[in-house]
Amino acid sequence: MRYLLIVFFLAPALISHGQIKSVTISGIVKDKSSNLSYVNVVLKKEIDSTFVTGAVTNEEGRFLLTNIKPGNYLLEFSFIGYNTKKQPLYVGSLTEYLDVASVSLEEDAKILNEVVATGQQDAVNEKLDRKVFSVTDNLSQSGGSVLQAMQNLPGVTVQDGKVQLRGNDKVVMLIDGKQTALTGFGSQSGLDNLPASAIEKIEIINNPSAKYDANGNAGIINIIYKKNTHEGFNGKVGFAVGLGALWVRQDNLPTIRPQYQATPKINPSLSLNYRKHKINAFFQGDYLYTETLNKNEFVTRTYTDGTIISQQTKRNRNTAFTTLKAGIDWTMNDANTLTISGLFGSEQIIDNGDEPFFNGKTGERLRLWQFLEDELKTTIMATAAYQHKFKEAGRLLNVGFNYTFHREDERYNFTNILPTYTGLDAFKLISDESVYDLNIDYIRPLRYGRLETGVKLRNRDIPTNMLFIPGLNSPLDVNAGGVATYKELIPAVYGNYIYESKKVEAEIGLRMEYVRIDYEVGPNHPVYKTSGYDYTQPFPSVRFAYKLNDREKLSVFFNRRVDRPNEVDIRIFPKYDDAEIIKVGNPGLRPQFTNAVELGYKSSGLKGYIYAAAYHRFADGTITRISSTVGSSPLIYAIFQNAGKSYNTGLEVVINQEISTHYSFSINMNGYHNQINAFSVLNLYPATNTFSAEKQELFSGNVKVNNQFRLSNGVEAQITAIYQAPDIIPQGTIAARFTIDAGAKKSIQKGKGELFLNATDLLNSLIIKKQVQGQGFNYTSTDYYETQVVRLGYNYKF
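Since the structure is predicted, the reported quantities are computational estimates derived from the model, not experimental observations. (Residues numbered from 1 in each chain as written. Predicted model: local features only at pLDDT ≥ 70, side-chain atom pairs only at ≥ 80, totals over all residues. Heavy atoms only, no water.)

1. Some thoughts on the overall build of the chain
Across its full length, the chain carries three helices and 45 strands. Expressed along its principal axes, the backbone C-alpha trace of the chain runs to roughly 110 × 60 × 50 Å. Of the roughly 32,600 Å² that the chain leaves accessible, carbon and sulfur atoms contribute 58%. Averaging the coordinates of the 85 positive side-chain charges in the chain and doing the same for the 80 negative ones gives two points 3 Å apart. (Helix = DSSP H or I, 4+ residues; strand = E, 2+ residues; numbered from the N terminus. Areas by Shrake-Rupley, 256 points an atom, 1.4 Å probe, with all protein chains shown as cover. Lys, Arg positive; Asp, Glu negative; His and termini not counted. Charge placed at Lys NZ, Arg CZ, Asp CG, Glu CD.)

Structure, rendered in structure tokens:
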């Protein structure tokens, strides 16, 4: 409660809901026999008939009106020898193009003169399906990773290194609208090492339409890379340094190596762009080096036979992440554009870990498990995107091809120290992922909206080879190594219709997906065998909105989505970065299907707005990780399973207000009820055992307050406070968490340069406490990992 009060009284990252500010209107004018050239087309405001803009039809009878603000208008067509025709036109905010199709004029002997006046049109409300955030506005996280930048965004929380939307981590991550190996296909990965300096903005889509992949029931986060389009040569260079783990929050258990302190961070970045005539060339390069106390977890395990084991998992991590993106936009002519780009990512992780185990009653050390992990992840992506613009404005054909190669080369060396002997063990894993994506999308503007349709084909192969190298009295399950290959084939087709009138908006879509998954397991694996599944399923999405007035809007959403197990979720090889809580995949895992409904409301006022959304999700085949023991062994095996039905019901509120030219704030409150029904599952590894759990439910939520200060002399500052209430985790709960971040920047060198300084977790209060209850055991854990970091940086635009 003390932290909650601090959050409310601390009085942003400025939020801009995605909206279309200008629209292009097109059409064709005819008489009974042919198209009419040189017809005067005038757009007027409906309320007072004041002139807005005008055009003349071309040789084909076509006309184009650009930069039209949303509102109510009259279209007037006049031509010598024909009756003047007027028709009402509503221009909404859901589509950038409106096609009024064919307009017929009737012959008349009179010659009509047009009336000209001037005026302006007010903007109207946006649709409520997404939020858009500028990374540069997030002052308290500049110079860090994308994951760190996201944790301050409204509606977003971070838990165990994964992003959650409204308390749910089933989130699909996109880069420039595409899934990539950098951020994971289906599941999240790599976000904590992807430099935020490479990113322009982040889109949060809670209710995706049918044009998006059906994967990810919590929604989609689209990470948009920086790309300039200014004429000539221009760019931006930046450099940031930081220091973390400024003091020891919890002393080590005896006999292990020191934990990291005063950990350095380095982040140089370079963005270049050259545009001339029909060519636009771009480059973005970023490097992020960090040393981090990645994990410092203290665990006490208690078994029903009276055994108590105390352990610490300390992981000192060095990470070097390089991303390079370059490409060319070629405008072949007014109708055709081709973009070719490539992305290279290299992530090297070196972990030095210590894991001592003590008898919880006597204090005697039972075992010391030390490990060195050396992992190199390499990603190469090639993209070609072609766009054809038809004669009708806004009518587009987009064709895209994307190839991704991702190699995971990982080696662990273990030292297993017991009172009577020391064993040296190791394993080596190589995984090569190849993904081919083909997309064809077609957009046709209509008089009151637009039609979208398209097809997609994905082929994905991941052969994996695990080699265990046992030492003296090895604790490794050497028989569980070998080879396995994951194969995925997904063809899909979708259609999406958008309609907008003065009061009503509608978006109705359907996506049909066929999915075939094959997981081939080597013949010598002691437990798992080759398996797979396939399905053909519809995924509808619906949005209806009613405009109460120019400031208020109600929206209702429905969509059906799926969470397919990713390759790492079904990977059959045990992982020993924790020697006695061992993670293993499950090739028997099946998709989780989710239906979601939402009611949204937005009211815009003077320099601010209030947004509220009530939502309910119900899932079947809920994917969760189950921890269990086998026989009398104290080892705990954490394995993914389908746990049956689960529910997530909540209310999200965002209040954004500019108080003065010097101060604005946003408050995001999200409260929800999570429930997992009672279930029973059969675990196969390492031996067959049954796990059962009672119904688990909890009310939880979070509150974020973002405060933005605009001071004199080009100085801006931000203070962000976050409170997360206790919540459900698999088989247990996680305690409340609280943190305060702050940052400031100053514009220098006539606006071309910028200095920034920020600090995360100012009070060093962010500690992760968990309680887990299993059959025959329970454990509590407290993780004092590195959360407090101070950064200083400089950016220069040229």
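2. Focus on the nonpolar core
One recurring pattern in soluble globular proteins: nonpolar side chains tend to sit buried together. With 49 residues, the main nonpolar core has W369 and F414 as its most contacted residues. Apart from the residues lying within four places of it in its own chain, the contact partners of W369 are G353, D354, E355, F357, F414, T415, N416, P475, L476, Y576 and A579. Core analysis: the next-biggest nonpolar cluster, separate from the first, contains 28 residues, F133, L194, I204 and L343 among them. (Core = buried A, V, L, I, M, F, W, Y, C linked by side-chain atoms within 4.5 Å. Buried < 20%, exposed > 50% of the residue type's maximum accessible area, 1.4 Å probe, protein only. Contact = heavy atoms within 4.5 Å.)

3. Considerations on the sheet that holds strand β4 (residues 51-56)
Spatial strand order, β4-β3-β6-β7: four strands in an open sheet with antiparallel pairing. Each edge of the open sheet carries a strand with a single partner, namely β4 and β7 (85-91). The mean inter-strand angle of the sheet, taken between neighbouring strand axes irrespective of direction, is 25 degrees. (Pairing = 2+ DSSP bridges. Axes fitted to C-alpha atoms, helices over the stretch in contact; angles between N-to-C directions.)

4. Examining the sheet that holds strand β2 (residues 23-30)
Pairing is mixed across the open sheet formed by three strands, whose spatial order is β5-β2-β8. Each end of this open sheet is capped by a strand with a single partner; those strands are β5 (62-68) and β8 (97-104). Pairwise comparison of adjacent strand axes, ignoring direction, gives a mean angle of 15 degrees for this sheet. Sheet analysis places β2 next to β5, joined by five bridges and oriented antiparallel. When the bridges of β5 are listed, S26 appears paired with L64.

5. Focus: the packing of aromatic side chains
Summed over the entire model, instances satisfying the criterion amount to 23 aromatic pairs. Ring geometry for Y663 against F665: centres 6.2 Å apart, planes inclined by 25 degrees, an arrangement best described as stacked. Considering the side-chain rings of F777 and Y779, the 6.5 Å spacing of their centres and the 10 degrees angle between planes classify their relative orientation as stacked. Accessibility expressed as a relative area gives 2% for F777, which makes it buried. With relative accessibility at 12%, the residue Y779 sits in the buried group. Taken together, the aromatic side chains of W369, F371, Y412, F414, F427, F468 and Y576 make up a single cluster linked through ring pairs. Its guanidinium or amino end placed over the ring of F390, R395 lies 4.2 Å from that ring's centre, counting from NZ or CZ. We note K602 situated over the ring of Y609; from NZ or CZ to the ring centre the distance is 4.5 Å. (Phe/Tyr/Trp six-rings, centres within 6.5 Å; stacked < 30°, edge-to-face > 60°. Lys NZ or Arg CZ within 6 Å of the ring centre and 35° of its normal.)

6. Quick word on the confidence of the model for the chain
Residue-level pLDDT values for the chain average 87, and 93% of them are 70 or greater. Considering each helix and strand of the chain separately, the mean pLDDT is smallest for strand β1 (residues 15-16), with a value of 38, and largest for strand β44 (residues 777-783), with 96. Scored below 50 in pLDDT, residues 1-18 makes 58 contacts in the model with residues more than four places away or belonging to other chains. Counted against residues more than four places away or in other chains, residues 109-125, with its pLDDT under 50, gives 31 contacts. (pLDDT = per-residue confidence, 0-100.)

7. Focus: the environment of G509
Mapped onto the elements of the fold, G509 is located in strand β25 (residues 504-521). On a C-alpha basis, the gap between G509 and V23 in space is 22 Å, while along the polypeptide they are 486 residues apart. Excluding residues that lie within four positions of it along the chain, G509 makes contacts with A210, G495, N496, F539, P540 and S541.

8. Looking at the pairing of strand β3 (residues 40-45)
With five of six residues buried, β3 is to be regarded as a mostly interior element. As defined by bridge partners, β3 adjoins β4 across five bridges and the pair is classed as antiparallel. Within the sheet, the bridge partner assigned to V41 lies in β4 and is A55. Counted along the chain from β3 to the antiparallel partner β4, the turn is five residues long, and its residue S49 has a positive phi close to 60 degrees. In this sheet, strand β6 (residues 71-78) lies alongside β3 in antiparallel orientation, the contact comprising six bridges. Among the inter-strand pairings, L43 is bridged to a residue of β6, identified as L75.

9. Here's the deal with the pattern of salt bridges
This model, assessed by the stated rule, comprises 45 salt bridges. One salt bridge connects E76 with K44, and the closest N-O pair in it is separated by 3.1 Å. Of this pair, E76 sits in strand β6 while K44 sits in strand β3, placing them 32 residues apart in sequence. Judged by relative accessible area, which is 7%, E76 ranks as buried. The class for K44 is buried, based on a relative accessible area of 9%. (Salt bridge = Lys/Arg side-chain N within 4 Å of Asp/Glu carboxyl O.)

10. Here we look at a nonpolar patch on the surface
Judged by side-chain polarity, F401, Y436, L438, I440, V455, L457, L489, V493, L510 and M512 come together as a nonpolar surface patch covering roughly 770 Å² of accessible area. Elements with a minimum of two residues in the nonpolar patch: β22 (422-446), β23 (449-469), β24 (482-500) and β25. With respect to the element layout, L438 can be found in strand β22. (Patch = residues over 30% accessible without salt bridge, like charges linked within 9 Å, V, L, I, M, F, W, Y side chains within 5 Å.)

11. Here's the deal with the side chain of Q718
Its place among the elements puts Q718 in strand β38 (residues 715-724). A polar contact of 3.4 Å, which involves the side chain of Q718, links it to the side chain of Q708. (Polar contact = N/O pair within 3.5 Å; in protein donor to acceptor, adjacent residues only side chain to side chain.)

12. Section: the environment of L165
The residue L165 is located in strand β11 (residues 162-165) in this model. Along the chain, L165 and I205 lie 40 residues apart, while their C-alpha atoms are 9.6 Å from each other. Residues contacting L165, with those up to four places away along its chain left out, are G155, V156, V171, I204, N206, A218, G219, I220, I221 and R617.

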